Amino acid sequence: MDFTTLCIHGSDKKYDTTGAVSVPIFQSATFVHPGVGLSTGFDYSRSQNPTREYLEQTVAKLEGGLDAMAFSSGMAAITTLMEIFSPGDHIIATDDLYGGSHRLFQHISVKNGLTFDFVDTSRINNIRERIQPKTKAVFIETPTNPMMHVTDLAEVARLCKAHDLLLIVDNTFLTPYFQKPLLLGADVVLHSGTKYLGGHNDTLAGFLIVSDEALSERLRFLFKTTGACLSPFDSWLLIRGIKTLPVRLDRQQKTALQIAKWLLEQDRIKAVHYPGLPNHPGYETSKKQASGFGAMLSFETDCSETAHRVLESVSLIQYAESLGGVESLITYPMLQTHADIPAEEREARGIGDCLLRLSVGLESAEDLINDLGQALKGGNTNA
Ligand SMILES: *Cc1c(COP(=O)(O)O)cnc(C)c1O
(Lines give C-alpha, C1' and ligand atoms only; values in the text may rest on other atoms or scores of the structure.)
Protein backbone atom coordinates (compact mmCIF):
# COMPACT_ATOMS: atom_id res chain seq x y z
CA MET A 1 0.00 0.00 0.00
CA ASP A 2 1.26 3.47 -0.84
CA PHE A 3 2.52 5.64 2.05
CA THR A 4 -0.20 8.24 1.50
CA THR A 5 -2.89 5.58 1.73
CA LEU A 6 -1.26 4.05 4.82
CA CYS A 7 -1.47 7.42 6.54
CA ILE A 8 -5.25 7.27 6.16
CA HIS A 9 -5.89 3.52 6.48
CA GLY A 10 -2.87 2.52 8.55
CA SER A 11 -4.11 -0.28 10.74
CA ASP A 12 -6.58 -2.96 9.65
CA LYS A 13 -8.23 -3.06 13.06
CA LYS A 14 -10.63 -0.41 14.27
CA TYR A 15 -12.02 -2.26 17.33
CA ASP A 16 -15.50 -1.08 16.45
CA THR A 17 -18.71 -2.72 15.26
CA THR A 18 -20.75 0.41 14.51
CA GLY A 19 -19.07 1.25 11.24
CA ALA A 20 -17.62 4.50 12.58
CA VAL A 21 -15.27 5.93 9.97
CA SER A 22 -13.17 7.70 12.57
CA VAL A 23 -11.39 5.47 15.08
CA PRO A 24 -13.29 5.72 18.41
CA ILE A 25 -11.62 7.18 21.48
CA PHE A 26 -11.66 4.35 24.01
CA GLN A 27 -11.56 6.54 27.10
CA SER A 28 -11.31 3.66 29.56
CA ALA A 29 -8.61 3.01 32.13
CA THR A 30 -9.42 -0.67 32.45
CA PHE A 31 -11.17 -3.55 30.63
CA VAL A 32 -13.38 -6.38 31.88
CA HIS A 33 -11.96 -9.92 31.84
CA PRO A 34 -14.41 -12.19 29.96
CA GLY A 35 -13.55 -15.05 32.35
CA VAL A 36 -10.95 -16.24 34.81
CA GLY A 37 -7.55 -15.98 33.18
CA LEU A 38 -9.13 -14.56 30.02
CA SER A 39 -8.49 -11.24 28.28
CA THR A 40 -9.98 -9.34 25.36
CA GLY A 41 -6.41 -8.35 24.52
CA PHE A 42 -6.89 -5.24 26.63
CA ASP A 43 -6.52 -5.27 30.42
CA TYR A 44 -5.32 -1.86 31.53
CA SER A 45 -4.65 1.25 29.42
CA ARG A 46 -1.07 1.73 30.56
CA SER A 47 -0.22 -1.58 28.90
CA GLN A 48 -2.52 -1.19 25.94
CA ASN A 49 -5.53 0.76 24.74
CA PRO A 50 -7.40 0.20 21.44
CA THR A 51 -7.10 3.81 20.22
CA ARG A 52 -3.40 3.88 21.04
CA GLU A 53 -2.87 0.45 19.49
CA TYR A 54 -4.43 1.62 16.24
CA LEU A 55 -2.02 4.58 16.21
CA GLU A 56 0.98 2.39 17.10
CA GLN A 57 0.24 -0.09 14.33
CA THR A 58 -0.10 2.77 11.85
CA VAL A 59 3.21 4.35 12.87
CA ALA A 60 4.99 0.96 12.80
CA LYS A 61 3.82 0.48 9.21
CA LEU A 62 4.83 3.99 8.17
CA GLU A 63 8.39 3.42 9.43
CA GLY A 64 8.53 -0.11 7.98
CA GLY A 65 8.92 -1.52 11.51
CA LEU A 66 7.47 -4.39 13.50
CA ASP A 67 6.29 -2.49 16.57
CA ALA A 68 5.76 1.10 17.67
CA MET A 69 5.08 2.43 21.17
CA ALA A 70 3.28 5.75 21.68
CA PHE A 71 4.51 7.84 24.60
CA SER A 72 3.20 10.99 26.25
CA SER A 73 6.08 13.02 24.74
CA GLY A 74 9.25 12.61 22.73
CA MET A 75 11.33 13.00 25.90
CA ALA A 76 9.30 10.25 27.61
CA ALA A 77 10.17 7.96 24.68
CA ILE A 78 13.90 8.77 24.90
CA THR A 79 13.94 8.47 28.71
CA THR A 80 12.36 5.02 28.52
CA LEU A 81 14.75 3.96 25.78
CA MET A 82 17.72 4.88 27.98
CA GLU A 83 16.54 2.22 30.47
CA ILE A 84 17.81 -0.55 28.18
CA PHE A 85 21.36 0.49 29.08
CA SER A 86 23.33 -0.43 32.21
CA PRO A 87 25.79 1.55 34.33
CA GLY A 88 29.13 1.73 32.53
CA ASP A 89 27.65 1.62 29.04
CA HIS A 90 29.01 4.18 26.59
CA ILE A 91 26.98 5.93 23.89
CA ILE A 92 28.23 8.03 20.98
CA ALA A 93 25.77 10.78 20.08
CA THR A 94 25.47 13.55 17.51
CA ASP A 95 26.89 16.76 18.99
CA ASP A 96 24.30 19.08 17.45
CA LEU A 97 21.50 17.31 19.31
CA TYR A 98 18.02 18.42 20.34
CA GLY A 99 18.60 20.38 23.58
CA GLY A 100 16.26 18.20 25.63
CA SER A 101 18.07 15.00 24.64
CA HIS A 102 21.38 16.61 25.54
CA ARG A 103 19.98 17.66 28.93
CA LEU A 104 18.64 14.15 29.61
CA PHE A 105 21.96 12.51 28.75
CA GLN A 106 24.15 14.97 30.65
CA HIS A 107 22.06 15.37 33.77
CA ILE A 108 20.16 12.11 34.22
CA SER A 109 21.71 9.33 32.13
CA VAL A 110 25.19 10.27 33.36
CA LYS A 111 23.95 10.08 36.96
CA ASN A 112 22.72 6.56 36.13
CA GLY A 113 26.25 5.56 35.12
CA LEU A 114 26.11 5.98 31.34
CA THR A 115 28.91 7.82 29.56
CA PHE A 116 28.67 9.83 26.36
CA ASP A 117 30.79 11.20 23.58
CA PHE A 118 29.22 13.94 21.47
CA VAL A 119 30.70 14.14 17.99
CA ASP A 120 29.86 15.51 14.57
CA THR A 121 28.38 12.27 13.23
CA SER A 122 28.24 13.64 9.69
CA ARG A 123 31.91 12.50 9.57
CA ILE A 124 31.99 8.74 10.08
CA ASN A 125 35.58 8.77 11.36
CA ASN A 126 34.49 10.84 14.34
CA ILE A 127 32.28 7.90 15.35
CA ARG A 128 34.83 5.21 14.52
CA GLU A 129 37.51 6.88 16.64
CA ARG A 130 35.30 6.98 19.72
CA ILE A 131 34.26 3.32 19.76
CA GLN A 132 35.53 1.60 22.91
CA PRO A 133 34.85 -1.82 24.48
CA LYS A 134 32.02 -0.35 26.56
CA THR A 135 30.30 1.34 23.62
CA LYS A 136 26.76 0.03 23.21
CA ALA A 137 24.99 2.47 20.92
CA VAL A 138 25.17 5.34 18.46
CA PHE A 139 22.46 8.00 18.76
CA ILE A 140 21.91 10.04 15.59
CA GLU A 141 19.79 13.00 14.70
CA THR A 142 19.73 13.83 11.00
CA PRO A 143 19.27 16.53 9.85
CA THR A 144 20.35 18.09 13.13
CA ASN A 145 18.73 20.76 15.18
CA PRO A 146 19.39 23.62 14.44
CA MET A 147 22.46 23.42 12.18
CA MET A 148 20.94 20.92 9.72
CA HIS A 149 24.00 18.65 9.52
CA VAL A 150 23.28 15.42 7.65
CA THR A 151 24.63 12.00 8.65
CA ASP A 152 24.87 9.10 6.19
CA LEU A 153 22.65 6.54 7.91
CA ALA A 154 23.54 3.46 5.82
CA GLU A 155 27.24 4.11 6.39
CA VAL A 156 26.79 4.46 10.17
CA ALA A 157 24.55 1.37 10.18
CA ARG A 158 27.34 -0.69 8.60
CA LEU A 159 29.81 0.54 11.21
CA CYS A 160 27.33 -0.28 13.99
CA LYS A 161 26.72 -3.80 12.67
CA ALA A 162 30.46 -4.46 12.51
CA HIS A 163 30.87 -3.45 16.17
CA ASP A 164 27.57 -4.83 17.45
CA LEU A 165 26.23 -1.39 18.40
CA LEU A 166 22.62 -0.36 18.55
CA LEU A 167 21.84 2.40 16.04
CA ILE A 168 19.20 4.82 17.32
CA VAL A 169 17.86 7.53 15.00
CA ASP A 170 15.73 10.51 15.98
CA ASN A 171 13.62 10.87 12.84
CA THR A 172 11.52 13.82 14.05
CA PHE A 173 12.65 16.31 11.41
CA LEU A 174 11.99 14.27 8.27
CA THR A 175 9.33 11.77 9.43
CA PRO A 176 8.92 8.41 7.64
CA TYR A 177 7.38 10.26 4.71
CA PHE A 178 10.85 11.48 3.74
CA GLN A 179 13.21 9.09 5.55
CA LYS A 180 12.93 5.51 6.87
CA PRO A 181 15.98 4.79 9.04
CA LEU A 182 14.92 1.20 9.90
CA LEU A 183 15.13 0.32 6.22
CA LEU A 184 18.63 1.84 6.12
CA GLY A 185 19.81 -0.39 8.97
CA ALA A 186 18.84 1.47 12.17
CA ASP A 187 17.64 -0.58 15.17
CA VAL A 188 15.46 2.02 16.87
CA VAL A 189 13.68 5.03 15.40
CA LEU A 190 12.27 7.64 17.70
CA HIS A 191 10.03 10.63 17.24
CA SER A 192 8.72 13.62 18.95
CA GLY A 193 5.19 13.09 17.63
CA THR A 194 4.51 16.59 18.92
CA LYS A 195 6.06 17.88 15.70
CA TYR A 196 5.16 16.74 12.16
CA LEU A 197 3.24 13.57 13.02
CA GLY A 198 0.75 15.49 15.18
CA GLY A 199 1.32 18.48 12.96
CA HIS A 200 -1.01 21.03 14.55
CA ASN A 201 0.90 22.41 17.54
CA ASP A 202 -1.85 21.07 19.80
CA THR A 203 -0.57 17.96 21.54
CA LEU A 204 2.59 16.27 22.81
CA ALA A 205 3.51 12.72 21.80
CA GLY A 206 6.53 10.48 21.34
CA PHE A 207 7.32 7.18 19.59
CA LEU A 208 9.82 4.35 19.63
CA ILE A 209 9.73 2.05 16.60
CA VAL A 210 11.72 -1.17 16.17
CA SER A 211 12.03 -4.06 13.71
CA ASP A 212 13.41 -6.71 16.02
CA GLU A 213 11.06 -8.86 18.07
CA ALA A 214 13.35 -9.28 21.09
CA LEU A 215 14.01 -5.54 21.23
CA SER A 216 10.28 -4.87 20.95
CA GLU A 217 9.63 -7.16 23.94
CA ARG A 218 12.29 -5.45 26.05
CA LEU A 219 10.95 -2.01 25.23
CA ARG A 220 7.31 -3.04 25.75
CA PHE A 221 8.25 -4.23 29.24
CA LEU A 222 9.89 -0.87 30.01
CA PHE A 223 6.97 1.00 28.42
CA LYS A 224 4.31 -0.59 30.62
CA THR A 225 6.56 -0.48 33.69
CA THR A 226 7.61 3.18 33.49
CA GLY A 227 4.13 4.27 32.35
CA ALA A 228 4.59 7.38 30.20
CA CYS A 229 1.97 6.19 27.69
CA LEU A 230 -0.04 8.37 25.30
CA SER A 231 -3.65 8.99 26.37
CA PRO A 232 -6.56 7.77 24.21
CA PHE A 233 -7.57 11.31 23.23
CA ASP A 234 -4.03 12.36 22.32
CA SER A 235 -3.69 9.10 20.37
CA TRP A 236 -6.77 10.09 18.40
CA LEU A 237 -5.30 13.53 17.67
CA LEU A 238 -2.17 11.83 16.33
CA ILE A 239 -4.25 9.44 14.18
CA ARG A 240 -6.00 12.47 12.75
CA GLY A 241 -2.77 14.43 12.24
CA ILE A 242 -1.04 11.60 10.41
CA LYS A 243 -3.82 11.38 7.80
CA THR A 244 -2.57 14.63 6.22
CA LEU A 245 1.17 14.14 6.84
CA PRO A 246 2.20 13.77 3.17
CA VAL A 247 0.18 16.73 1.88
CA ARG A 248 1.34 18.94 4.72
CA LEU A 249 4.99 18.02 4.26
CA ASP A 250 4.93 18.42 0.48
CA ARG A 251 3.62 21.95 0.82
CA GLN A 252 5.75 22.90 3.82
CA GLN A 253 8.88 21.68 2.06
CA LYS A 254 8.05 23.62 -1.09
CA THR A 255 7.57 26.81 0.92
CA ALA A 256 10.76 26.17 2.95
CA LEU A 257 12.83 26.04 -0.24
CA GLN A 258 11.26 29.27 -1.48
CA ILE A 259 12.04 30.99 1.81
CA ALA A 260 15.60 29.59 1.93
CA LYS A 261 16.29 30.97 -1.56
CA TRP A 262 14.77 34.33 -0.67
CA LEU A 263 16.81 34.58 2.55
CA LEU A 264 20.02 33.96 0.59
CA GLU A 265 19.40 37.18 -1.30
CA GLN A 266 18.90 39.39 1.75
CA ASP A 267 21.74 41.73 2.74
CA ARG A 268 21.24 41.20 6.44
CA ILE A 269 21.40 37.39 6.15
CA LYS A 270 24.90 35.90 6.33
CA ALA A 271 24.12 32.20 5.97
CA VAL A 272 21.18 29.89 5.36
CA HIS A 273 21.26 26.28 6.56
CA TYR A 274 18.80 24.15 4.58
CA PRO A 275 19.74 20.70 3.21
CA GLY A 276 17.64 21.35 0.09
CA LEU A 277 20.06 24.04 -1.12
CA PRO A 278 22.55 22.41 -3.53
CA ASN A 279 25.55 24.04 -1.81
CA HIS A 280 24.56 22.65 1.61
CA PRO A 281 27.19 20.07 2.72
CA GLY A 282 24.46 17.48 3.35
CA TYR A 283 22.66 17.94 0.03
CA GLU A 284 24.02 14.83 -1.73
CA THR A 285 23.63 12.56 1.29
CA SER A 286 20.08 13.83 1.79
CA LYS A 287 19.24 13.04 -1.82
CA LYS A 288 20.66 9.55 -1.44
CA GLN A 289 18.89 8.52 1.77
CA ALA A 290 15.75 10.64 1.95
CA SER A 291 12.98 11.51 -0.48
CA GLY A 292 12.78 15.09 0.79
CA PHE A 293 14.65 17.79 2.68
CA GLY A 294 11.96 18.75 5.15
CA ALA A 295 10.70 22.16 6.16
CA MET A 296 13.15 23.19 8.89
CA LEU A 297 15.82 25.76 8.25
CA SER A 298 18.09 28.05 10.22
CA PHE A 299 19.79 31.26 9.22
CA GLU A 300 22.33 33.73 10.53
CA THR A 301 21.68 37.43 10.65
CA ASP A 302 24.42 40.07 10.35
CA CYS A 303 24.32 40.92 14.07
CA SER A 304 22.42 40.04 17.23
CA GLU A 305 20.38 43.28 16.98
CA THR A 306 18.95 42.08 13.67
CA ALA A 307 18.14 38.68 15.20
CA HIS A 308 16.34 40.36 18.10
CA ARG A 309 14.50 42.70 15.76
CA VAL A 310 13.27 39.80 13.63
CA LEU A 311 12.00 37.95 16.72
CA GLU A 312 10.19 41.02 17.97
CA SER A 313 8.83 42.19 14.61
CA VAL A 314 7.45 39.05 13.00
CA SER A 315 3.68 39.06 13.18
CA LEU A 316 2.38 36.10 11.18
CA ILE A 317 5.33 33.91 12.16
CA GLN A 318 5.18 33.29 15.89
CA TYR A 319 8.13 33.43 18.25
CA ALA A 320 7.61 30.14 20.06
CA GLU A 321 9.34 26.86 20.72
CA SER A 322 8.49 23.67 18.84
CA LEU A 323 8.24 22.91 15.14
CA GLY A 324 6.50 20.84 12.53
CA GLY A 325 3.00 22.28 12.89
CA VAL A 326 0.73 24.11 10.47
CA GLU A 327 1.64 27.44 12.12
CA SER A 328 5.11 28.78 11.25
CA LEU A 329 7.28 29.24 14.33
CA ILE A 330 10.58 31.00 14.80
CA THR A 331 12.97 30.25 17.65
CA TYR A 332 16.16 31.63 19.09
CA PRO A 333 18.13 28.42 19.74
CA MET A 334 20.64 30.16 21.97
CA LEU A 335 17.97 31.17 24.50
CA GLN A 336 15.45 28.39 23.96
CA THR A 337 16.17 24.83 22.83
CA HIS A 338 19.92 25.09 23.48
CA ALA A 339 19.95 27.25 26.62
CA ASP A 340 21.25 24.35 28.73
CA ILE A 341 24.33 23.78 26.60
CA PRO A 342 27.42 25.59 27.93
CA ALA A 343 28.05 28.84 25.99
CA GLU A 344 31.50 27.84 24.76
CA GLU A 345 30.32 24.49 23.43
CA ARG A 346 27.28 26.10 21.84
CA GLU A 347 29.24 28.83 20.08
CA ALA A 348 31.77 26.28 18.82
CA ARG A 349 28.88 24.53 17.08
CA GLY A 350 27.68 27.72 15.44
CA ILE A 351 24.75 28.36 17.75
CA GLY A 352 25.44 31.99 18.54
CA ASP A 353 23.38 35.12 19.06
CA CYS A 354 22.75 35.66 15.32
CA LEU A 355 21.22 32.24 14.64
CA LEU A 356 17.46 31.88 14.17
CA ARG A 357 15.55 28.70 13.42
CA LEU A 358 12.40 28.66 11.36
CA SER A 359 9.79 25.92 11.20
CA VAL A 360 7.88 26.59 8.01
CA GLY A 361 4.15 26.00 8.37
CA LEU A 362 1.26 25.89 5.94
CA GLU A 363 0.67 29.61 5.45
CA SER A 364 1.24 30.94 1.93
CA ALA A 365 4.88 31.38 0.93
CA GLU A 366 4.19 34.94 -0.13
CA ASP A 367 2.72 35.92 3.23
CA LEU A 368 5.61 34.33 5.12
CA ILE A 369 8.22 36.06 2.95
CA ASN A 370 6.44 39.40 3.35
CA ASP A 371 6.44 38.91 7.11
CA LEU A 372 10.16 38.11 7.21
CA GLY A 373 10.84 41.03 4.88
CA GLN A 374 9.11 43.60 7.08
CA ALA A 375 10.72 42.09 10.21
CA LEU A 376 14.22 42.38 8.71
CA LYS A 377 13.50 46.02 7.90
CA GLY A 378 12.54 46.67 11.49
CA GLY A 379 8.86 46.12 11.88
CA ASN A 380 5.74 46.83 9.94
CA THR A 381 5.37 50.60 9.71
CA ASN A 382 1.86 50.22 8.28
CA ALA A 383 0.67 48.12 11.19
C1 LIG B 1 10.90 18.18 20.24
C2 LIG B 1 11.95 17.18 20.00
C3 LIG B 1 12.20 16.15 20.91
C4 LIG B 1 11.46 16.04 22.23
O5 LIG B 1 10.12 15.78 22.06
P6 LIG B 1 8.92 16.32 23.02
O7 LIG B 1 7.71 15.81 22.36
O8 LIG B 1 9.03 17.83 23.06
O9 LIG B 1 9.17 15.74 24.36
C10 LIG B 1 13.17 15.22 20.58
N11 LIG B 1 13.87 15.30 19.43
C12 LIG B 1 13.65 16.29 18.54
C13 LIG B 1 14.45 16.32 17.28
C14 LIG B 1 12.69 17.25 18.79
O15 LIG B 1 12.50 18.24 17.91
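Please read these numbers as outputs of a predicted model, since none were measured by experiment.

Let's talk about the nonpolar core
Side chains that are nonpolar tend, in soluble globular proteins, to be buried together.
Phase 1: Counting 62 residues, the largest nonpolar core has Leu-55, Ile-259, Leu-297, Phe-299, Ile-330 and Leu-358 as its most contacted members.
Phase 2: If you tally residues by element for this core, the top one is helix H10 (residues 245-264), at seven residues.
Phase 3: Two domains each donate at least three residues to this core, and these are domain 1 (3-242) and domain 2 (246-376).
Phase 4: In this view, Leu-55 contacts Ala-70, Phe-207, Leu-230, Ser-235, Leu-238, Ile-239 and Ile-242; residues no more than four positions away in its chain are not counted.
Phase 5: In terms of nonpolar packing, the next biggest core, distinct from the first, is built from 30 residues, Met-82, Leu-114, Phe-118 and Leu-208 among them.

Focus: the sheet that holds strand E1 (residues 67-71)
Phase 1: With mixed pairing, seven strands are arranged side by side in an open sheet as E1-E7-E6-E5-E4-E2-E3. Two strands bound the open sheet, and with one partner strand each, they are E1 and strand E3 (115-119). On average, adjacent strands in this sheet sit at an angle of 20° to one another, irrespective of strand direction.
Phase 2: Looking at chain direction, strand E5 (residues 166-170) and strand E6 (residues 188-192) are connected through three bridges and run parallel. Bridged to Asp-170 within E6 is Leu-190.

What about the pattern of salt bridges?
Phase 1: Applying the stated rule across the entire model yields 10 salt bridges.
Phase 2: Between Glu-53 and Lys-13 there is a salt bridge, and its shortest N-O distance comes to 3.4 Å. Residue Glu-53 is found in helix H2 (residues 50-63), and its partner Lys-13 is found in the loop between helix H1 (3-8) and H2; the two are separated by 40 residues along the sequence.
Phase 3: In this structure Glu-53 comes out as buried when scored by relative accessible area, which is 13%.
Phase 4: The class of Lys-13 is partly exposed, set by a relative accessible area of 42%.
Phase 5: Note that Arg-220 and Glu-56 form a salt bridge whose closest N and O atoms lie 3.1 Å from each other. Of this pair, Arg-220 sits in helix H8 (residues 213-226) while Glu-56 sits in helix H2, and the two are 164 residues apart along the sequence.
Phase 6: We classify Glu-56 as buried; its relative accessible area is 2%.
Phase 7: Sharing partners across several salt bridges, the network here consists of Arg-52, Glu-56, Asp-67 and Arg-220.

Some points on the site of the ligand
Phase 1: Near the ligand the following residues occur: Ser-73, Gly-74, Met-75, Tyr-98, Glu-141, Asp-170, Thr-172, Ser-192, Thr-194, Lys-195, Ala-205 and Leu-323.
Phase 2: In the model, an oxygen atom of the ligand is placed 2.9 Å from a nitrogen or oxygen of the Gly-74 main chain.
Phase 3: Taking 380 Å² as the accessible area of the ligand by itself, protein coverage stands at 94%.
Phase 4: Partitioned by chemical class, the residues of the shell around the ligand number four nonpolar, five polar and three charged.

Considerations on the packing of H2 against helix H9 (residues 232-243)
Phase 1: One way to put it is that H2 packs onto H9 with a least axis distance of 8 Å and a crossing angle of 35°. Here H2 and H9 pass one another in a crossing that is left-handed. Note on element contacts: H9 touches H2 through Pro-232, Ser-235, Trp-236, Leu-238, Ile-239 and Ile-242, opposite Thr-51, Arg-52, Tyr-54, Leu-55, Thr-58, Val-59 and Leu-62.
Phase 2: Of the residues assigned to the contact of H2 with H9, the class counts are nine nonpolar, three polar and one charged.

Observations concerning the packing of aromatic side chains
Phase 1: For the structure shown, the criterion picks out 10 aromatic pairs.
Phase 2: Plain terms: the ring middles of Phe-31 and Phe-42 are 5.7 Å apart, the flat faces sit at 45° to each other, and that makes the pair tilted. Within this pair, whereas Phe-31 is found in the loop between H1 and H2, its partner Phe-42 is found in the loop between H1 and H2, the two being separated by 11 residues in sequence. Both residues of the pair, Phe-31 and Phe-42, count as buried.
Phase 3: Look at Phe-71 and Phe-223: their rings are 4.7 Å apart centre to centre, the planes differ by 75°, and that puts the pair in the edge-to-face class. A residue pair is termed long-range when its members are at least 10 positions apart, and Phe-71 in strand E1 and Phe-223 in helix H8 qualify at 152 residues. Taken individually, Phe-71 and Phe-223 each receive the classification buried, so the pair is uniform in this respect.
Phase 4: Of the aromatic side chains, those joined through ring pairs into one cluster are Phe-105, Phe-116, Phe-118 and Phe-139.

Each value, and the rule that gives it
- Residues numbered from 1 in each chain as written.
- Predicted model: local features only at pLDDT ≥ 70, side-chain atom pairs only at ≥ 80, totals over all residues.
- Heavy atoms only, no water.
- Core = buried A, V, L, I, M, F, W, Y, C linked by side-chain atoms within 4.5 Å.
- Buried < 20%, exposed > 50% of the residue type's maximum accessible area, 1.4 Å probe, protein only.
- Helix = DSSP H or I, 4+ residues; strand = E, 2+ residues; numbered from the N terminus.
- Domains from an automatic or database assignment.
- Contact = heavy atoms within 4.5 Å.
- Pairing = 2+ DSSP bridges.
- Axes fitted to C-alpha atoms, helices over the stretch in contact; angles between N-to-C directions.
- Salt bridge = Lys/Arg side-chain N within 4 Å of Asp/Glu carboxyl O.
- Near = heavy atom within 4 Å.
- Polar contact = N/O pair within 3.5 Å; in protein donor to acceptor, adjacent residues only side chain to side chain.
- Areas by Shrake-Rupley, 256 points an atom, 1.4 Å probe, with all protein chains shown as cover.
- Nonpolar A, V, L, I, M, F, W, Y, C, P; charged D, E, K, R; others polar.
- Left-handed = near helix turned anticlockwise from the far one by under 90°.
- Phe/Tyr/Trp six-rings, centres within 6.5 Å; stacked < 30°, edge-to-face > 60°.

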